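Geometric and topological summary
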Amino acid sequence: MSVKHRGKFFYTINSIILGLLVGAIILLSVGINPIEAYKVIFLGALGKPKFIGWTIVQGIPIILTGISVAFAFNTGLFNIGAEGQYIVGSLGAVLAGVLLDLPPVIHGIVALLCGLGFGLLWAGMIGLFKAKFGVNEVISSIMLNWVALYLNNFFLEMPFLRKPESDNSYRIMESASIRLLDGWKRSEAGRAMLKEHSILKGILNPPIHWGIILAILMAILAWYILKKTTLGYQLKAVGFNKDAAEYGGINIKKNIIVSMAISGGFSGLAGAITVLGVSQNIGILAAQQGYGFNGIAVSLIAGNSPLACIPAGLLFSGLTYGGGKLNSSLNTPSEIINIIIGIIVFFIAMPKLLDIIENVVKGKRGGKNA
C-alpha cells in the first residue's frame, strides 16, 4: 500500500515505534537495559500527580508553537521563526504585566493579548518581507529569531523593567497572573488542606494555570480557520498553487502576510502563557530557548494537524521531562531522548522509507512461509 493510501496516523504511530526501537538499540550499545530506561521515562512523566502536572505545564508552550508551525505548513509556508515569536510574546506579556495596572482577570487577558499581538506583528513582518520583496521566509525568520533574543535583552537593560542587582525583570503583578489557586496555596487554609491530601498537593505542586485550556481552544481555532472558513480556503489555495489562486481572484500578498501573522500569534501566546503562568518574569537570554524549534518537531509528529499537536506536544513533553530522570536513575545521558525524538521525526519525514521497511519485512515473511 502506497503513501497516498495510508493515513498520517499510520506513519506517525509506526515512526514512534521505530524511534523507540532504535533508541533501545542505542541504549543497549551503551550497556543500559532499554526496558528499565523506558520504565524510568514513563514513571518520570506519569508516575506521580506532580509529574503529570509538570508534563502538562511543560507541554503547553510546545503545543502552541507546534500549532503555529502546523498552521503555516498548511498554507505552504515554513515558520522557522516560532522561536523569535515566542520570545517577543514573552516580552509583550511582561511589559503588560509589569507596567499596566488593571483589575484581576482583565489584566491577565490584556497581557495575553499583548503577547499574542507581539508574536502576530513579528511574524507579520516575515510575511511582509516575502510578499513585498520576495525574501524567503526561512531566511528572514531565522534572522528575526536573533533580533528577538537581543531585543529582549535590550529591554532588560531599561531601569523600568529590570530588577535592580538582577538579570531578571520585575515580577508581573498578581492581577496579571493566570495561575490557578496560587493565592489559596499560600494561605493557611490552603497549606493545611494540602498537607492532609498528598495527591491534591502533588497535582497542585506545579504552577497549574489556564494555559492548557487556551492551548486546546487555539488548536480548535486553527483547525476551524483552515477547514471551515473562506479565509482558510484562500490561505491554503495560495500555499498549494499561487498562480491558480491569483487567477481565482485571491490576493496573494495579503494572504501570505495574514498566514504568517496568524501563525506568529500562536507562538506569541505560548510565550505569554509561560510568563504569566510559570516564570512570572523574563531574564536576560544567553541563547534561544528552544520552544519554537521543538514546536517544529511537534508539528511534524502531529502530521501538521493543529488538533494532533495536543497529544504530540504532550508526548514530546513526557519524553523530555521523564527522560530528564535517566541520568539520576540509571546514570544515562538524558540527551538520548533528543536522539529518539530526532529518529521519530526522521521516519515521519520519510514515509516512503516506512513502506520500504514494511515491504522488506513482508518479503522475509513470505520467504519463510515458502
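Residues numbered from 1 in each chain as written. Predicted model: local features only at pLDDT ≥ 70, side-chain atom pairs only at ≥ 80, totals over all residues. Heavy atoms only, no water.

This part is about the overall build of the chain. Within the chain, the regular secondary structure consists of 18 helices and zero strands. Computed over the C-alpha atoms, the radius of gyration of the chain is 22 Å, within 12% of the 21 Å expected from 2.2 N^0.38 for a compact globule of 370 residues. Along the longest, intermediate and shortest principal axes, the C-alpha atoms of the chain span 75 × 65 × 35 Å. Taken across its 370 residues, the chain has 47% of its residues classed as buried. Summarising the internal contacts of the chain: among those between residues at least 6 apart in sequence, 75% fall at separations of at least 24. (Helix = DSSP H or I, 4+ residues; strand = E, 2+ residues; numbered from the N terminus. Rg over C-alpha atoms; globule rule 2.2 N^0.38 Å. Buried < 20%, exposed > 50% of the residue type's maximum accessible area, 1.4 Å probe, protein only. Contact = heavy atoms within 4.5 Å.)

In this section: helix H10 (residues 211-228). Its 18 residues place the ends of H10 25 Å apart at the C-alpha level, agreeing with the 26 Å of an ideal helix rising 1.5 Å per residue. Taken together, the buried positions of H10 are Gly-211, Ala-215, Met-218, Ala-219, Ala-222, Ile-225 and Leu-226. Taken down its axis, H10 places every buried residue within 135° of arc, on the same side. Turned more than 90 degrees away from the buried face of H10 sit Lys-227 and Lys-228, all of them exposed. Close packing links the buried residues of H10 with helix H3 (49-74), helix H11 (230-240), helix H13 (252-279) and helix H15 (309-323). (Expected span 1.5 Å × (residues − 1). Arc of directions from axis to C-beta.)

What follows covers the layout of surface pockets. There is about 370 Å³ of room inside the largest pocket. The element contributing the most residues to the lining of the largest pocket is helix H5 (residues 106-133), with three residues. For the lining of the largest pocket, a count of residues per class yields nine nonpolar, four polar and three charged. (1 Å grid on protein atoms, 1.4 Å probe; cavity = no way out; pocket = protein on both sides within 12 Å on 5 of 7 lines; lining within 4 Å. Points joined across faces, edges and corners; volume = space filled by probe spheres on them. Nonpolar A, V, L, I, M, F, W, Y, C, P; charged D, E, K, R; others polar.)

What follows concerns the packing of aromatic side chains. All chains considered together, the criterion is met by seven aromatic pairs. Ring geometry for Trp-146 against Tyr-150: centres 6.5 Å apart, planes inclined by 25°, an arrangement best described as stacked. Here Tyr-150 and Trp-146 lie together in helix H6 (residues 137-155), a separation of four residues that amounts to about one turn. Trp-146 gets classed as partly exposed once you look at its relative accessible area, which sits at 43%. A relative accessible area of 52% places Tyr-150 in the exposed class. Looking at Lys-325, its charged tip hangs above the ring of Phe-51, at a distance of 4.4 Å from the centre. Over the aromatic face of Tyr-321 sits the side chain of Lys-325, whose NZ or CZ is 3.6 Å from the ring centroid. (Phe/Tyr/Trp six-rings, centres within 6.5 Å; stacked < 30°, edge-to-face > 60°. Lys NZ or Arg CZ within 6 Å of the ring centre and 35° of its normal.)

Before going further, it helps to examine the confidence of the model for the chain. Averaged over all residues, the pLDDT of the chain is 88; the fraction at 70 or higher stands at 93%. Of the regions scoring below 50 in pLDDT, residues 1-5 engages in eight contacts with residues more than four places distant in sequence or in other chains. (pLDDT = per-residue confidence, 0-100.)

This brings us to the environment of Gly-342. With respect to the helices, strands and loops of the structure, Gly-342 is situated in helix H17 (residues 336-349). Distance in space between the C-alpha atoms of Gly-342 and Ala-308 is 18 Å, their sequence separation being 34 residues.

Here Val-105, not a glycine, exhibits a phi torsion of approximately 75°, which is positive. Summarising the element assignment, Val-105 is placed in the loop between helix H4 (82-99) and H5. At Glu-165, a position not held by glycine, the phi torsion is positive, near 55°. Within the element layout of this structure, Glu-165 appears in the loop between H6 and helix H7 (182-186). In this structure Glu-165 comes out as exposed when scored by relative accessible area, which is 86%.

With respect to the secondary-structure elements, Gln-85 resides in helix H4. Side-chain polar atoms of Gln-85 contact the side chain of Asn-79, separated by 3.0 Å. One polar contact links the side chain of Gln-85 to the main-chain carbonyl oxygen of Gly-81, over a distance of 3.0 Å. Dropping the residues within four chain positions of it, Gln-85 is found in contact with Ser-68, Asn-79, Gly-119, Trp-122, Ala-123, Ile-126, Ser-263, Gly-264, Ser-267 and Gly-268. (Polar contact = N/O pair within 3.5 Å; in protein donor to acceptor, adjacent residues only side chain to side chain.)

Residues Trp-210, Ile-213, Ile-216, Leu-217, Ile-220 and Leu-307 make up a contiguous nonpolar surface patch of roughly 520 Å² in combined accessible area. Look at Ile-216 and you get partly exposed, because its relative accessible area is 33%. (Patch = residues over 30% accessible without salt bridge, like charges linked within 9 Å, V, L, I, M, F, W, Y side chains within 5 Å. Areas by Shrake-Rupley, 256 points an atom, 1.4 Å probe, with all protein chains shown as cover. Salt bridge = Lys/Arg side-chain N within 4 Å of Asp/Glu carboxyl O.)

Quick look at the nonpolar core now. Residues Leu-64, Ile-67, Phe-71, Leu-276 and Ile-337 are the most contacted members of the largest nonpolar core, which totals 78 residues. If we ignore the near neighbours within four places in the chain, the residues touching Phe-71 are Ala-222, Ile-225, Leu-226, Leu-235, Ser-259, Ile-262, Ser-263 and Phe-266. (Core = buried A, V, L, I, M, F, W, Y, C linked by side-chain atoms within 4.5 Å.)

Once that is clear, we can look at the packing of H5 against H6. Relative placement of two packed helices is described by the angle separating their axes and the distance separating the axes. Between H5 and H6, the least distance of the axes is 10 Å, while the angle of their chain directions is 145°. Handedness of the H5/H6 crossing: right-handed. Within the contact between the two elements, H5 uses Trp-122, Met-125, Ile-126, Phe-129 and Lys-130 and H6 uses Glu-137, Ser-140, Ser-141, Leu-144, Val-147, Ala-148 and Leu-151. Of the residues contributing to the contact of H5 with H6, the split by class is eight nonpolar, two polar and two charged. (Axes fitted to C-alpha atoms, helices over the stretch in contact; angles between N-to-C directions. Left-handed = near helix turned anticlockwise from the far one by under 90°.)

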